[in-house]
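# Inside the fold
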Amino acid sequence: MSENNSVNGTATAEVLSSPFLKILIQQIRGQDTYGTYRKWSDELILKPFVVTKQKKREISLEGEVDPITQARIMAFFRAVAAGIEQETGLISQVVIDLSHEGFGWALVFSGRLLLAVKTLRDAHRFGFDSLEKLAEEGENFVQKGIDLAKRFPEVGNL
């Protein structure tokens, strides 16, 4: 690891300035009770979310989904919820139901309104090809959730 904890300068400042990635970094740092990530660069914090196709093939689907991967999935969807909450003012919650085989659901809801739904398959291999894909996917979830919240505000407030 280099002195500034960067990941070989692979991410551009433009990517790291993505609103979704900023929220995701906030969520991860917010869960850091021991200050482990205090001196880490944003890029280093996001590095575990980038899982290349080759790396995905190397990850075994045998056994339980490890707690670190589960935490990564939860952080991603908490960031989606926080992004929706910032824009709409509706308090959003996240529920992850994951079987021991890596199949399940991720739900983001407010009141009785489902803002984002994702079927999880092969959760052992959760990740994105690049930081750009991570930002794009997250921003898509946030935007769709905002659209739903604005379309059905009364359901979100129940």
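All of these numbers come straight from a predicted model, not from anything done at the bench.

## As for helix α2 (residues 19-30)
Quick reminder: α-helices carry 3.6 residues per turn. Residues three or four places apart thus point the same way. For α2, built from 12 residues, the straight-helix expectation of 16 Å at 1.5 Å per residue is met to within 8% by its first-to-last C-alpha distance of 16 Å. Looking only at α2, the buried set comprises F20, L21, I23, L24, I25 and I28.

## Focus on the nonpolar core
L24, F76, V80 and L134 are the most contacted members of the largest nonpolar core, which has 37 residues in total. Counting residues per element, this core draws most heavily on helix α5 (residues 67-88), which supplies nine residues. Setting aside chain neighbours within four positions, we find L134 in contact with F20, L21, L24, L46, F49, F76 and F128.

## Things to note about the side chain of R72
With respect to the element layout, R72 can be found in helix α5. Notably, R72 is buried but unbridged: the nearest opposite-charge side chain belongs to D66, and the N-O separation is 5.9 Å. Setting aside residues up to four positions removed in sequence, R72 forms contacts with P48, F49 and F126.

## Brief notes about the sheet that holds strand β2 (residues 104-110)
Strand order in the open sheet formed by three strands is β1-β2-β3, with antiparallel pairing between adjacent strands. Lying at the two open borders of the sheet, with one neighbouring strand each, are β1 (93-98) and β3 (113-120). Along the sheet, successive strands turn relative to each other by an average axial angle of 15 degrees, direction set aside. Here six bridges tie β1 to β2, and the two strands are oriented antiparallel to one another. Opposite D97, over in β2, you have W105 as the bridge partner. Against the sheet, α5 touches β1, β2 and β3, its axis set at about 150 degrees to β1.

## Description of the pattern of salt bridges
Under the counting rule described, the total for this entry stands at one salt bridge. Here D42 makes a salt bridge to R29, at a shortest N to O gap of 2.8 Å. Of this pair, D42 sits in helix α3 (residues 42-46) while R29 sits in helix α2, and the two are 13 residues apart along the sequence.

## As for the packing of aromatic side chains
Inspection of the entire model under this criterion finds eight aromatic pairs. Plain terms: the ring middles of F20 and F76 are 5.3 Å apart, the flat faces sit at 65 degrees to each other, and that makes the pair edge-to-face. Remark: F76 occurs in helix α5 and F20 occurs in helix α2; sequence separation between them is 56 residues. Take F76: its relative accessible area is 1%, and that puts it in the buried class. Here the aromatic rings of F76 and F141 are separated by 6.1 Å at their centres, their planes lie at 80 degrees, and the arrangement is edge-to-face. Placement of the pair is F76 in helix α5 and F141 in helix α6 (residues 131-151), with a sequence separation of 65 residues. Side by side, F76 and F141 carry an identical accessibility label, which is buried.

## Section: the pairing of β2
Burial of the side chains of β2 is restricted to one face: G104, A106, V108 and S110 are buried, whereas none of W105, L107 and F109 on the reverse face is. Following β1, the chain reverses through five residues before pairing antiparallel with β2; G102 in that reversal takes a positive phi of roughly 95 degrees. A loop of two residues connects β2 with β3, the two strands running antiparallel in sequence, and G111 in this loop sits at a positive phi of about 60 degrees.

## Re unusual backbone geometry
Of note in this structure, D122 is not a glycine but carries a positive phi near 55 degrees. By the element assignment, D122 lies in the loop between β3 and α6. A relative accessible area of 28% places D122 in the partly exposed class.

Criteria and cut-off values
Residues numbered from 1 in each chain as written. Predicted model: local features only at pLDDT ≥ 70, side-chain atom pairs only at ≥ 80, totals over all residues. Heavy atoms only, no water. Helix = DSSP H or I, 4+ residues; strand = E, 2+ residues; numbered from the N terminus. Expected span 1.5 Å × (residues − 1). Buried < 20%, exposed > 50% of the residue type's maximum accessible area, 1.4 Å probe, protein only. Core = buried A, V, L, I, M, F, W, Y, C linked by side-chain atoms within 4.5 Å. Contact = heavy atoms within 4.5 Å. Lys, Arg positive; Asp, Glu negative; His and termini not counted. Salt bridge = Lys/Arg side-chain N within 4 Å of Asp/Glu carboxyl O. Pairing = 2+ DSSP bridges. Axes fitted to C-alpha atoms, helices over the stretch in contact; angles between N-to-C directions. Phe/Tyr/Trp six-rings, centres within 6.5 Å; stacked < 30°, edge-to-face > 60°.

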